[in-house]
Amino acid sequence: MTVYISLTLDCANAPLVADFWKTALGYIDEPPPAPFETRAEWFASFDLPDDESPDDSAWLCDPKGVGPRLSILKVPEPKTVKNRLHIDIRVPGHGSPEESWERIGAEAARLVAAGGTILHEYTGHHFLMADPEGNEFCVAAGRAPN
């Protein structure tokens, strides 16, 4: 049996968080399910309260179909504690440990420019970071592509 997973991030501002994760992961907006042409059309098919909007959520996917789907959902309560599950962004490449660390640092800097924050640098190994709403993730070395 094939199992597919989807990760879900709770947030206060779904468009902000979705834009960050699209940049971080290279993901795209997931198309709406058939037969709907748009997410707004799909969203309107539910009997939801008037105060809910299509902008309260986002669905992202890996354009290559390899990585897990990412659902981003607006919730009323703020984030108050450390994530129990987090995403690791793995930076591939060959070379020395110094060259690997340089690539990891460049990726962390790219994600800071996209709205992320470095929470802690574990020199030579990984960065602990947070997205624009404080969801923790790590940037570390990955294995070289085949």
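### Here's the deal with the packing of aromatic side chains
Turning to step 1, where the next piece is worked out: This structure, assessed with the given rule, holds six aromatic pairs.
Turning to step 2, where the next piece is worked out: Between F20 and F137 the ring centres are 5.8 Å apart and the planes differ by 50°, which places this aromatic pair in the tilted class. Of the two residues, F20 is situated in helix α1 (residues 14–25) and F137 in strand β8 (residues 136–141); the sequence distance between them amounts to 117 residues. With respect to class, F20 is no different from F137; both count as buried.
Turning to step 3, where the next piece is worked out: Aromatic pair W42 and W59: ring centres 5.1 Å apart, planes at 90°, arrangement edge-to-face. One end of the pair, W42, is in helix α2 (residues 39–44); the other, W59, is in strand β3 (residues 57–61), with 17 residues separating them in the sequence. Take W42 and W59: they sit in the same class, and that class is buried.

### Remarks on the pairing of strand β7 (residues 126–130)
Turning to step 1, where the next piece is worked out: With four of its five residues buried, β7 lies for the most part within the structure.
Turning to step 2, where the next piece is worked out: Sheet topology note: the strand β6 (residues 117–122)/β7 ladder contains five bridges and is antiparallel. Bridging across to β7, H120 finds its partner in L128.
Turning to step 3, where the next piece is worked out: Counting the residues in the hairpin turn of β6 and β7 gives three residues, including G124, whose phi is positive at 85°.

### Some points on the environment of P54
Turning to step 1, where the next piece is worked out: In this fold, P54 is placed in the loop between α2 and β3.
Turning to step 2, where the next piece is worked out: Taking the relative accessible area as the measure of exposure, P54 reaches 33% and is therefore partly exposed.
Turning to step 3, where the next piece is worked out: For the pair P54 and G116, spaced 62 residues apart in sequence, the C-alpha separation works out to 24 Å.
Turning to step 4, where the next piece is worked out: Sequence-distant contacts of P54, that is, excluding residues within four places in its chain, are made with A40 and F43.

The rules we used
- Residues numbered from 1 in each chain as written.
- Predicted model: local features only at pLDDT ≥ 70, side-chain atom pairs only at ≥ 80, totals over all residues.
- Heavy atoms only, no water.
- Phe/Tyr/Trp six-rings, centres within 6.5 Å; stacked < 30°, edge-to-face > 60°.
- Helix = DSSP H or I, 4+ residues; strand = E, 2+ residues; numbered from the N terminus.
- Buried < 20%, exposed > 50% of the residue type's maximum accessible area, 1.4 Å probe, protein only.
- Pairing = 2+ DSSP bridges.
- Contact = heavy atoms within 4.5 Å.

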